[in-house]
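Below, each chain spelled out in residue letters.
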Amino acid sequence: MSPPGSGKSKESGTARVLGSGASGVAELLVFHPVDTVAKRLMSNKGKVSFSTLSPIIFRDYATASLSKKLLSLFPGLGYAAGYKISQRIYKFGGQPWFNEIITRHYKDQFTSVFGERKGKMMMQATAGSLTGIGEVVLLPLDALKIKRQVNPEAFRGRGVLRIFLEEGTTLYRGWGWTMARNAPGSFALFGASAVTKEYALGVTDYSKATWTQNFIASIAGAVASITIAAPLDTVKTRIQNANFEQKVPGVTVIKDLLRNEGPTAFFKGLTPKILVVGPKLVFSYTLAQSLIPFFGKYV
């Protein structure tokens, strides 16, 4: 959520947590199946055709009834809930917080280098990048969610607490690639959104953008972010979906991918992601923008 240009918070921290958390819950229930499809396509190392699409997406339920097929797209919902809700709270609440700090302490430097208008947008993008880098703390939940979606055999009947105790730091596997993906991805997300509002829509106070303006800016930012981060996201996903005992370096993943599948494999799963970017971000962003002020009346 874009903070006001002055760097002063208009919502309490509690309101941000409640509003963004509620938007995360709603988003999860609607879009978790699409995320599962994207992850399974990215993890597939063979060629994708019409005949192989169903086994890739539905796995053991490829020949099952439609209801069972749909339910099969909700693996790891518990892990996904922990990750998605935490991520939304962190992202919607964290980016404005970083932006407020940057505005308070470094506004003059940004203004002198980029000018007042561009400096404001660069502060938004930089705050987004810092937020993205900090998301690495949520990596264990993301790793468990991905493994449950694409490699459930890795769990072998173990509960989440046992996995945390036994695997420890291996749940942070791919942390460097995650930060490398998140930094430019979040920069593009908030930066492109700010540019769209500022130049295309003429919005100077981003917190006062209308629903339609947020709709347009969110799609522009999200498409830019997902496209830029897609190659590193594919590498990160393949590192994370391996069995716990296997440690596969990112460089090895890249070499194998280029040798066996070609450079276009870096963008596997990009189409379903982009297709869901518009409704997904409009859905979550609009809910957050509506609920945060609502909770702000009471907390």
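Residues numbered from 1 in each chain as written. Predicted model: local features only at pLDDT ≥ 70, side-chain atom pairs only at ≥ 80, totals over all residues. Heavy atoms only, no water.

1. Observations concerning the overall build of the protein chain
Okay, step 1: Scanning the protein chain from terminus to terminus reveals eleven helices and zero strands.
Okay, step 2: Helices (α) and strands (β) of the protein chain occur, in sequence order from the N terminus, as α-α-α-α-α-α-α-α-α-α-α.
Okay, step 3: Expressed as a percentage of its 299 residues, the buried residues of the protein chain come to 50%.
Okay, step 4: Taking the intrachain contacts of the protein chain between residues at least 6 apart in sequence as the baseline, contacts between residues at least 24 apart amount to 82%.
Okay, step 5: As presented, the protein chain carries roughly 14,000 Å² of accessible surface, and 66% of it is formed by carbon and sulfur atoms. (Helix = DSSP H or I, 4+ residues; strand = E, 2+ residues; numbered from the N terminus. Buried < 20%, exposed > 50% of the residue type's maximum accessible area, 1.4 Å probe, protein only. Contact = heavy atoms within 4.5 Å. Areas by Shrake-Rupley, 256 points an atom, 1.4 Å probe, with all protein chains shown as cover.)

2. Some details on the packing of helix α1 (residues 13-43) against helix α2 (residues 50-58)
Okay, step 1: Where α1 contacts α2, the axes come no closer than 9 Å and their chain directions differ by 115 degrees. On the basis of their axis angle, the class for α1 and α2 is roughly perpendicular. Seen along the crossing, α1 lies across α2 with a hand that is right-handed. For the pair α1 and α2, contact is made by Val 37, Arg 40 and Leu 41 and by Leu 53, Ile 56, Ile 57 and Phe 58, respectively. (Axes fitted to C-alpha atoms, helices over the stretch in contact; angles between N-to-C directions. Parallel < 35°, antiparallel > 145°, perpendicular 65-115°, else oblique. Left-handed = near helix turned anticlockwise from the far one by under 90°.)

3. Looking at the packing of aromatic side chains
Okay, step 1: Inspection of the entire model under this criterion finds five aromatic pairs.
Okay, step 2: Aromatic pair Phe 294 and Phe 295: ring centres 5.5 Å apart, planes at 70 degrees, arrangement edge-to-face.
Okay, step 3: The class of Phe 294 is partly exposed, set by a relative accessible area of 39%.
Okay, step 4: By relative accessible area, which is 22% here, Phe 295 ends up partly exposed.
Okay, step 5: An aromatic cluster of at least three residues, connected via ring pairs, comprises Phe 294, Phe 295 and Tyr 298. (Phe/Tyr/Trp six-rings, centres within 6.5 Å; stacked < 30°, edge-to-face > 60°.)

4. Examining helix α8 (residues 175-200)
Okay, step 1: The end-to-end C-alpha distance of α8 is 36 Å, a good match for the 38 Å that 26 residues give at a rise of 1.5 Å each.
Okay, step 2: Looking one or two residues past α8, Gly 202 carries a phi angle of roughly 70 degrees, positive in sign. (Expected span 1.5 Å × (residues − 1).)

5. A look at helix α5 (residues 116-134)
Okay, step 1: A rise of 1.5 Å per residue sets the reference length of α5, with its 19 residues, at 27 Å; its end C-alpha atoms lie 27 Å apart and thus fit the reference within 8%.
Okay, step 2: Listed in full, the buried residues belonging to α5 are Gly 119, Lys 120, Met 121, Met 123, Gln 124, Ala 125, Ala 127, Gly 128, Ser 129, Thr 131, Gly 132 and Gly 134.

6. Observations regarding the pattern of salt bridges
Okay, step 1: Summed over the entire model, instances satisfying the criterion amount to eight salt bridges.
Okay, step 2: As a salt-bridge pair, Glu 100 and Arg 16 come within 3.0 Å of each other at their nearest N and O atoms. Of this pair, Glu 100 sits in helix α4 (residues 77-114) while Arg 16 sits in helix α1, and the two are 84 residues apart along the sequence.
Okay, step 3: Arg 16 sits in the buried class, given a relative accessible area of 7%. (Salt bridge = Lys/Arg side-chain N within 4 Å of Asp/Glu carboxyl O.)

7. Considering the nonpolar core
Okay, step 1: The biggest cluster of nonpolar side chains holds seven residues, and these are Val 37, Leu 41, Ile 56, Ile 57, Phe 58, Ala 62 and Leu 73.
Okay, step 2: Counting only elements with at least two residues in this core, the list comes to α1 and α2.
Okay, step 3: Per-element accounting of this core gives the leading share, three residues, to α2.
Okay, step 4: Those residues in contact with Val 37, other than ones at most four positions away along the chain, are Ile 57 and Leu 73.
Okay, step 5: With six residues, the next largest nonpolar core counts Ile 239, Val 253, Leu 257 and Ala 265 among its residues. (Core = buried A, V, L, I, M, F, W, Y, C linked by side-chain atoms within 4.5 Å.)

8. Brief notes about the side chain of Arg 88
Okay, step 1: Positionally, Arg 88 belongs in helix α4.
Okay, step 2: Here Glu 27 takes part through its side chain, which lies 2.7 Å from a polar atom of the side chain of Arg 88.
Okay, step 3: Beyond its immediate stretch of four places on either side in the chain, Arg 88 contacts Ser 20, Gly 24, Glu 27, Gly 93, Lys 280, Leu 281 and Ser 284. (Polar contact = N/O pair within 3.5 Å; in protein donor to acceptor, adjacent residues only side chain to side chain.)

9. Thoughts on the confidence of the model for the protein chain
Okay, step 1: Looking at the protein chain, pLDDT values average 81 and 84% of them are 70 or higher.
Okay, step 2: Of all helices and strands in the protein chain, the one with the weakest mean pLDDT is helix α7 (residues 160-167) (68), whereas α5 scores best (93).
Okay, step 3: Low pLDDT, under 50, characterises residues 3-8; the predicted model gives this stretch 17 contacts beyond four residues in sequence or across chains. (pLDDT = per-residue confidence, 0-100.)

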